[in-house]
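Now for the letters of each chain:
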Amino acid sequence: MSNSTPAAQKVDQPNSLHMIAVLGGFSFLSGFLIFFVAHATEAGIKQNRLEQLRGAVFQVLPGAVSSQAFAVESDGFRPVEIDDPTPGMKKVYGGYDESGALVGVAIEVAAQGYQDVIRAIYGYDPGIGRTLGFAVLQSSETPGLGDLIGKDPEFLANFFASETSQDTLSLELTADGLGLAHAVEFAKSGEKSKPWQIEGISGATISSKAVVRMLNDGSQEIIPLIHAHLGQLQKGSS
Amino acid sequence: MAQGNPPTTMDEFVKGLWRENPVFVMLLGMCPTLAVSSNVQYALAMGACATFVLVMSSVVVSLIRKIVPKEVRIATFIVVIATFVTMVDYVMQYLSLALYQALGAFIPLIVVNCIILGRAEAFACRNNVWKSFIDALGMGLGFTFALLCLGGVREILASGTILNFRLFGPNYEPWGVMGLPAGGFFTLGAWLLFFNWLRERRARKLQATE
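Here goes a summary of the coordinates provided.

Parameters and conventions
Residues numbered from 1 in each chain as written. Chains lettered and ligands numbered in written order. Predicted model: local features only at pLDDT ≥ 70, side-chain atom pairs only at ≥ 80, totals over all residues. Core = buried A, V, L, I, M, F, W, Y, C linked by C-beta atoms within 7 Å. Buried ≥ 20, exposed ≤ 12 C-beta atoms within 10 Å, placed from the backbone. Helix = DSSP H or I, 4+ residues; strand = E, 2+ residues; numbered from the N terminus. Contact = placed C-beta atoms within 7 Å. Arc of directions from axis to C-beta. Pairing = 2+ DSSP bridges. Nonpolar A, V, L, I, M, F, W, Y, C, P; charged D, E, K, R; others polar. Axes fitted to C-alpha atoms, helices over the stretch in contact; angles between N-to-C directions.

Membership of the largest hydrophobic core comes to 54 residues, with the highest contact counts inside it found for Met46, Cys49, Val53, Leu54, Val88, Leu103 and Ile107 of chain B. Mapped by element, the contributors of at least two residues to this core are α2 (16-60) of chain A together with α2 (30-35), α3 (40-64), α4 (73-95), α5 (97-103), α6 (114-122) and α7 (129-159) of chain B. Broken down by element, this core gets its largest block of residues, 13 residues, from α3 of chain B. With residues near it in sequence (within four places) discarded, Ile107 of chain B still touches Cys49, Val88, Asp89, Met92 and Tyr100 of chain B. Judged by nonpolar contacts, the second largest core, of 47 residues, contains Leu53, Leu180, Ala204 and Met214 of chain A.

Attention now goes to unusual backbone geometry. Look at Leu27 of chain B: it is not a glycine, yet its phi comes out positive at around 50°. Note on placement: Leu27 of chain B falls in the loop between α1 (9-19) and α2.

To continue, consider α1 of chain B. Residues and elements named next belong to chain B. Those residues of α1 lying buried are Glu12, Phe13 and Gly16. The arc that holds every buried residue of α1, seen down its axis, measures 95°, which confines them to one face. Here the buried face of α1 lies against α7.

Residue and element names in this part refer to chain A. Strand β3 (residues 91-96) sits mainly inside the fold: five of its six residues count as buried. The pairing of β3 with strand β4 (residues 102-112) spans five bridges and is classified as antiparallel. Residue Val92 lies in a different strand from β4, and its bridge partner there is Ile107. The loop that links β3 with its antiparallel partner β4 comprises five residues; one of these, Gly100, has a positive phi angle of about 90°.

Right, let's talk about the environment of Leu173 of chain A for a bit. Residues and elements named next belong to chain A. Structurally, Leu173 is set in the loop between α3 (153-156) and β7 (185-187). Each C-alpha atom, one on Leu173 and one on His227, is 9.0 Å from the other, the two residues being 54 residues apart in sequence. Not counting chain neighbours up to four residues away, the residues in contact with Leu173 comprise Gly129, Gly179, Leu180, Ala181, Ile223, Pro224 and His227.

Let us look at the interface of chain B and chain A. Of the residues lining the interface, 26 residues belong to chain B; the matching set on chain A comes to 25 residues. Listed by contribution, the elements that provide at least two residues to the side of chain B that touches chain A are α4 and α5 of chain B. Looking at the side of chain B that touches chain A element by element, the count peaks at 11 residues for α4 of chain B. When grouped by side-chain class, the residues that make up the side of chain B that touches chain A number 18 nonpolar, seven polar and one charged.

Residues and elements named next belong to chain A. A sheet is described by the order of its strands in space; here six strands give the open sequence β2-β1-β3-β4-β5-β6, paired in antiparallel fashion. Pairing within the sheet leaves two strands with one partner each, and these edge strands are β2 (76-80) and β6 (130-138). Across this sheet, the average inter-strand angle for adjacent strands is 30°, counted without regard to direction. As defined by bridge partners, strand β5 (residues 117-125) adjoins β6 across seven bridges and the pair is classed as antiparallel. When the bridges of β6 are listed, Tyr124 appears paired with Thr131. With respect to the sheet, α2 is in contact with β1 (66-73), β3, β4, β5 and β6, its orientation differing from that of β6 by roughly 155°.

In structure tokens form, the structure reads like this:
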């Protein structure tokens with residue numbers, strides 16, 4: 001307006017320093033509070049995740065009553081504690097029945113899903129070259145759609161044997177034992193025709209394909225290694 | 001409340017529960033309402049998380065309202081809300097990893113729930129701490145009530161249970177679609193029809209008595 005002086009206009013201008021101080025101050029306080037809560041809950045969350053992993057190992061290895069964690073190394077498997085914190089250590093879990101015989105091996109896998117990385121674990125029977133089970137460890141997939149990869153009985157039937165069908169996902173090796181005979185493939189719901197295909201969930205194609213990807217990526221190296229050093233895993237429970 | 005009189009504490013509380021219910025009247029927070037109301041347990045957990053964030057952020061916004069320049073108020077409110085959401089995220093993982101994973105992305109997404117920023121901007125930054133607390137508590141409980149209305153119906157129809165307690169015999173045929181997102185829309189539509197019918201009936205009665 002014509003009657004406003006330059007001094008008055010200057011007063012109306014927002015004070016940048018004040019804004020920076022307020023926003024910076026609250027961000028600093030926010031960071032401090034979050035750090036405090038993260039620190040206070042860290043041990044409990046770690047314990048919860050460990051319990052979840054223990055439960056998942058028995059879930060994907062039906063019939064197992066005890067388990068042993070192994071570190072994956074270039075020359076085979078070395079028994080370690082399940083909560084061994086060594087950074088970058090890749091682990092598998094042997095499951096044993098009451099007589100101490102190896103039921104199968106649980107293998108952790110991961111792949112990018114629709115929202116975020118999906119972490120899962122599957123059970124593998126080296127005797128028949130097929131999966132024994134599958135469980136999701138961590139997922140941010142859409143509730144009611146993508147999260148069905150860990151809940152939908154028809155999808156889980158790809159991995160778990162039932163009274164009516166023992167035809168779970170096939171992860172057979174090539175004749176030389178150096179890789180999978182067939183890469184795991186995705187099949188639309190109701191169109192599965194081969195034992196190495198996973199029948200996806202309608203409406204959750206991206207999440208279903210993430211499971212296919214994680215099984216391919218997570219099996220190509222580890223399955224041949226399991227067969228090459230099966231003796232080390234069979235001795236695990238002794 | 002009589003016309004012209006300032007609203008009482010009870011008015012501020014009850015408005016969120018009924019008269020201005022964030023879900024059934026203002027149609028806010030639809031994303032978690034439809035996605036996380038497939039059963040009563042999820043509805044309760046989401047309601048409790050959202051109510052905690054709503055109450056705490058409203059109280060803090062009311063406390064700091066005089067020192068925050070208006071140009072950065074929305075950014076500051078978002079920082080405050082995100083702080084409480086992140087705290088809830090950690091505490092939820094600590095208390096129940098299974099429930100945390102069941103609610104999935106909808107816990108972090110509380111940050112963008114319009115009810116929370118809406119109450120901060122429309123009420124908490126203009127009122128004192130006590131009023132803001134009561135308003136946020138009413139709105140939070142109103143949101144939880146709406147989630148429970150949806151979660152109860154959907155769990156009964158989709159699984160024949162309430163809080164995993166079986167209500168019907170073995171011959172009950174579950175109505176699977178009610179557990180899916182489409183079931184959320186059907187149930188929300190039915191509740192909206194019901195509450196609007198109640199409101200109209202009440203208005204007609206008031207007219208008749210006048």
